[in-house]
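One letter stands for each residue in the lines below.
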Amino acid sequence: MTAAGYPAVTGVGRPMVGGRRLSLTWLGAVPFLAYVGVFLFLPTLIIAVGAFFGEGGFTLSNFSNLSRSYIVTATVNSIILSAVTAVAGAVLGSVLTYAIATGNPKGVVRRIAVSASGVLAQFGGVTLAFAFFATIGPAGFVYLWAAQHHLDFYASGFWLYDLRGLEVVYLYFQIPLMVLVFLPAVDGIRPQWREATESLGGSSWHYWRYVAGPLLAPAFLGATLLLFANALSAYATAAALINQGGIILPLQISNAITSEVGLHEPGFAKAQAVVLIAIVAIVTALYGVLQRRTARWLQ
Amino acid sequence: MNWRYQIRGLGVAVATLLVVVACGSSGGGAGACTTAKTATSASACGGMDSLVAAAKAEGKLNIIAVPRDWANYGAIIDGFTAKYGIPITSDNPTGSSQDEVNAVQQLGTSSRAPDVLDIGTSVTLANLTLYAPYKVATWSDIPDNQKEPTGLWYQDYGGYMSVGYDSTKVPAVTSMQDLLGSAFKGKVALNGDPTKANAALNGVMMASLANGGTVDDISKGVDFFHQLKLKGNFVPVQATTATVKNGTTPVVFDWDYLSAQHGTDVPTWKVFVPANAILLDFYNQAVSKTAPHPAAARLWEEYLYSDEGQNLWLKGLARPVRMAAMTKSGKIDAAAAAALPVANGTPIRLSADQATAAKAYLASHWAAAIS
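Parameters at a glance
Residues numbered from 1 in each chain as written. Chains lettered and ligands numbered in written order. Predicted model: local features only at pLDDT ≥ 70, side-chain atom pairs only at ≥ 80, totals over all residues. Helix = DSSP H or I, 4+ residues; strand = E, 2+ residues; numbered from the N terminus. Rg over C-alpha atoms; globule rule 2.2 N^0.38 Å. Buried ≥ 20, exposed ≤ 12 C-beta atoms within 10 Å, placed from the backbone. Contact = placed C-beta atoms within 7 Å. Nonpolar A, V, L, I, M, F, W, Y, C, P; charged D, E, K, R; others polar. Core = buried A, V, L, I, M, F, W, Y, C linked by C-beta atoms within 7 Å. pLDDT = per-residue confidence, 0-100. Domains from an automatic or database assignment. Axes fitted to C-alpha atoms, helices over the stretch in contact; angles between N-to-C directions. Parallel < 35°, antiparallel > 145°, perpendicular 65-115°, else oblique. Left-handed = near helix turned anticlockwise from the far one by under 90°. Pairing = 2+ DSSP bridges. Bend = angle between axes of the 7 residues up to and from the residue.

Student: Before we move on, can you summarise the overall build of chain B with the specific residues and values?
Tutor: A tally of helices and strands in chain B yields 14 helices and 10 strands. Computed over the C-alpha atoms, the radius of gyration of chain B is 22 Å, within 12% of the 21 Å expected from 2.2 N^0.38 for a compact globule of 371 residues. Seen along its three principal axes, the alpha-carbon backbone of chain B occupies a region of about 75 × 40 × 35 Å. When each of the 371 residues of chain B is scored for burial, the buried share is 50%. Long-range contacts, defined as pairs at least 24 residues apart, comprise 70% of the intrachain contacts of chain B with a sequence gap of at least 6.

Student: Could you give an account of the overall build of chain A, naming the residues involved and the relevant values?
Tutor: If you tally the helices and strands in chain A, you get 14 helices and two strands. In chain A, buried positions account for 29% of the 299 residues.

Student: Before we move on, can you summarise the interface of chain A and chain B with the specific residues and values?
Tutor: The interface is formed by 26 residues belonging to chain A together with 34 residues belonging to chain B. Those elements giving two or more residues to the side of chain A that touches chain B turn out to be α7 (126–135) and α13 (249–258) of chain A. Of the residues in the side of chain A that touches chain B, the class split is 14 nonpolar, 11 polar and one charged.

Student: Help me get a handle on the nonpolar core, residues and values and all.
Tutor: Formed by 164 residues in total, the largest nonpolar core has its most connected members in Met178 and Leu227 of chain A together with Leu51, Ala54, Val204, Met205 and Phe225 of chain B. It is helix α9 (residues 163–187) of chain A that provides the largest number of residues to this core, a total of 12 residues. The contacts of Met178 of chain A, once residues within four sequence positions are left out, are Gly89, Ala90, Gly93, Ser94, Thr97, Ala223 and Leu227 of chain A.

Student: Tell me about the confidence of the model for chain B, and please be specific about residues and values.
Tutor: Residues and elements named next belong to chain B. Chain-level statistics for chain B give a pLDDT mean of 87 and a share of 92% at 70 or above. When the criterion is pLDDT under 50, residues 16–29 qualifies, and its contacts beyond four places in sequence or with other chains add up to 10 contacts. Predicted complex, confidence summary: ipTM 0.73, pTM 0.75.

Student: Talk me through the domain arrangement of chain A; I want residue IDs and the actual numbers.
Tutor: The domains assigned to chain A are domain 1 (1–50) and domain 2 (65–298). Each partner contributes to the interface: domain 1 of chain A provides four residues, whereas domain 2 of chain A provides five residues.

Student: Mind laying out the packing of helix α5 (residues 69–102) of chain A against α9 of chain A, listing which residues take part and the relevant values?
Tutor: Residue and element names in this part refer to chain A. It is the contact of α5 with α9, at a shortest axis distance of 6 Å, that shows an interaxial angle of 45°. Judged by the inter-axis angle, α5 sits oblique to α9. Classified by chirality, the crossing of α9 by α5 is right-handed. Class assignment of the residues belonging to the contact of α5 with α9 gives a composition of 20 nonpolar, seven polar and two charged.

Student: A description of the pairing of strand β9 (residues 280–288) of chain B should follow, citing residues and the corresponding values.
Tutor: When a strand is regular, its side chains alternate between the sheet's two faces. All names here are of chain B. In terms of burial, β9 is largely enclosed, as seven of its nine residues are buried. Pairing analysis gives four bridges linking strand β3 (residues 116–119) to β9, with the strands arranged antiparallel. Of the residues in β9, the one forming a bridge with Ile119 is Asn284. Two strands pair when backbone bridges link them, and strand β4 (residues 131–132) and β9 are joined in this way by two bridges, in the antiparallel orientation. Paired with Tyr131 across the bridge in β9 is Ser288.

Student: Report on the packing of helix α7 (residues 219–230) of chain B against helix α14 (residues 352–369) of chain B, specifying residues and quantitative values.
Tutor: Residues and elements named next belong to chain B. At a closest axis distance of 9 Å, the pairing of α7 and α14 adopts a crossing angle of 15°. The orientation of α7 relative to α14 falls into the category roughly parallel. Note on packing geometry: the crossing formed by α7 with α14 is right-handed. Along the contact surface, α7 presents Ser219, Val222, Phe225, His226 and Lys229, while α14 presents Tyr361, His365, Trp366 and Ala369. When grouped by side-chain class, the residues that make up the contact of α7 with α14 number five nonpolar, three polar and one charged.

Student: I'd like a description of unusual backbone geometry, backed by residues and values.
Tutor: Residue and element names in this part refer to chain B. Of note in this structure, Asn72 is not a glycine but carries a positive phi near 70°. Looking at the secondary structure, you find Asn72 in the loop between β1 (61–64) and α3 (73–84). Look at Asn72 and you get buried, because 22 C-beta atoms sit within 10 Å.

Student: Outline the domain arrangement of chain B, listing residues and values.
Tutor: How large an interface is tends to be reported as the accessible area lost when its parts come together. All names here are of chain B. Taken domain by domain, chain B comprises domain 1 (2–157 + 289–338) and domain 2 (158–280 + 343–369). On a C-alpha basis, the centroid separation for the pair domain 1 and domain 2 is 32 Å. If you look at the interface, domain 1 gives 15 residues, while domain 2 gives 11 residues. Counting only elements with at least two residues in the side of domain 1 that touches domain 2, the list comes to α5 (121–126) and β5 (154–166). Its residues assigned to classes, the side of domain 1 that touches domain 2 shows six nonpolar, seven polar and two charged.

Student: Break down the environment of Asp265 of chain B for me, citing the residues and quoting the values.
Tutor: For Asp265 of chain B, the position within the fold is in the loop between α9 (256–259) and β8 (269–272). Between the C-alpha atoms of Asp265 of chain B and Lys245 of chain B, which are 20 residues apart in sequence, the distance is 6.3 Å.

Student: A description of the confidence of the model for chain A should follow, citing residues and the corresponding values.
Tutor: Residues and elements named next belong to chain A. Chain-level pLDDT for chain A is 85 on average; 90% of the residues reach the 70-or-more range. The secondary structure element of chain A with the lowest average pLDDT is helix α1 (residues 6–10), at 41, and the one with the highest is α5, at 94. The low-confidence segment residues 1–19, where pLDDT is below 50, has nine contacts with residues more than four positions distant or belonging to other chains.

Student: Let's hear about the pairing of β5 of chain B: which residues, and what values?
Tutor: All names here are of chain B. Most of β5 is tucked away: 13 of the 13 residues are buried. With five bridges joining them, β5 and β9 adopt antiparallel strand pairing. The residue bridging Gly159 from the neighbouring strand is Asp281, located in β9. With two bridges connecting them, β5 and strand β10 (residues 319–320) associate as antiparallel partners. Opposite Tyr157, over in β10, you have Pro320 as the bridge partner. Of the pairings in the sheet, the one linking β5 to strand β7 (residues 251–255) comprises five bridges and is antiparallel in character. The residue of β7 that forms the bridge with Val163 is Phe253. Pairing analysis gives four bridges linking β5 to β8, with the strands arranged antiparallel.

Student: Please set out the environment of Leu304 of chain B residue by residue, giving values where relevant.
Tutor: All names here are of chain B. When you line up the elements, Leu304 lands in helix α10 (residues 294–304). Residue Leu304 is classed as buried on the basis of its 24 C-beta neighbours within 10 Å. Not counting residues up to four positions away in its chain, the partners in contact with Leu304 are Asp156, Gln285 and Gly309.

Student: Tell me about the environment of Tyr161 of chain A, residues and numbers included.
Tutor: Of note, Tyr161 of chain A is situated in the loop between α8 (141–148) and α9. Sequence separation between Tyr161 of chain A and Ile242 of chain A is 81 residues, and the spatial gap between their C-alpha atoms is 5.9 Å. What Tyr161 of chain A contacts, discounting residues up to four positions off in sequence, is Ile242 of chain A together with Val235 and Pro236 of chain B.

Student: Tell me about helix α11 (residues 204–233) of chain A, and name the residues and values.
Tutor: Structural remark: α-helix, 3.6 residues per turn; residues separated by three or four positions point the same way. Roughly 55° is the biggest bend found in α11 of chain A, and it falls at Gly213 of chain A, with proline Pro214 of chain A one to four residues downstream. Buried within α11 of chain A are the following residues: Leu216, Phe220, Ala223, Thr224, Leu225, Leu226, Leu227, Phe228, Asn230, Ala231 and Leu232 of chain A.

See the structure below:
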């Protein structure tokens, strides 16, 4: 991006210098580009190309198979799960973040909350699922205690084992992740800005609408997007909690890769992965549009 | 990787040469077999002693997807290492049959690749090009319909599909219909997803047989689980030792030999095999064609199919494939045989075509039935 400014400085007479500097600037980015190439673009390419191959060579059937009713259901479930936990996680997480940020910056509460978030954000997987079994599962001690006290929260069905259960469980790592990624942005808000707003006669609403809101909006949206992608790709927690029926897309991908009863379709698994990539790409594009809008809003 | 393999091969060859030279004059000692990679039996390798020498020279054996608490594999692994002094690397113990095949394909001839496989029947039949033919010394004891004639694969141990339950959490199970009762609310689980795991597929098939279905028609089983789901009795959690122990899955469909293992954690665990639906299935052994330790792989098979290996499986409550022959010859461990769960009736085994029809039906109906 810095290179773009160069021609204007070097002028028409010395194109060589500009050219050489351009290549040197580019060199600095090589390690990064190589890293992104090997760990992001190459795997994506392998998946995208593999999705067009079946046992008999080139085929489009992997993509036509995406219309199978259980895949459509799993895709819709995945989007609902990711959207609900991203939005709920972002809202609840940002409230918690604000509470942490406005507290004593060197206080014990803040340190505990931040380090607990660091641990809990990575707490997904079998351990998290098992923690729920052991507490509010149908054999969990919290549920058994509640049921004895006429608080049978499974009276209308075991919601822990369907999409609602996944949403609750996912929030356990979504909210802490929101705290981790959103805290630096909230910390950047100076108390002086609020004081300035107030001294100019602005209300609390004016402060949030014209100062803090616009400043935090890009970070908030970016963090929400991260939460969405995080939920979309999560696998182990769901696999431990709901082993049956492939309720979300990552579980269907796992079925297609590891089925030992002969439903092993690696090409189809790759086509499903392409769907996940496409969903993230669409959401990222939406995020780009939204961010440009908020930028305009800022001016 | 090729280089390393060739160097290793060279090492084995040199070691072999030394052994052969050393033993050459004495005449009685056996040299290490040099053709283990293609040997189709121990005698083709110069006899058992020669195979043992070659396996010891390789010094290692890689196995995959065999948990220590599965069919007594822990004791078998320890027994093999104690007998031959060859340490075993057991990779990905909780992996599926397909994971085993994937590992063979992805790791190729590298020193980490699996040497031997223990896999379900449909995966076995779908990957015939990956195995090296080998016939164990006790080959003739394996019934003809339980082995591939050239020795590409051979069945090893099996059991009956059963319902295991914690008798302190639920009433005694005497028929499959009992499971629909209100005492089983939120308690009945399968060992895996039937579109993915062979054990779970057979669990649904057993439910089908017990509810008027046939081996050609699994739909009654899917209907049964749909009923379980509607009554709120079905738990979609994969049953494991941990979920059984903490009570999340107090009733589990699984092979009787796996279910019986829960008795060590839950002493009140009972295993029920329905009289009108005895579903039998075996796992299969095969030596990998690209095994990095070809002699050790073959020696492992010899150990598994020896009286000792077969009785170890039996102690894990799995029915070894030579059981009939060993009962006749009196070599069977009678106490272990008497400990097997009781089952009355004729055992049924799914043919490959019946399994294919069942999984095709499950692929399109299972998710809808239980959600």
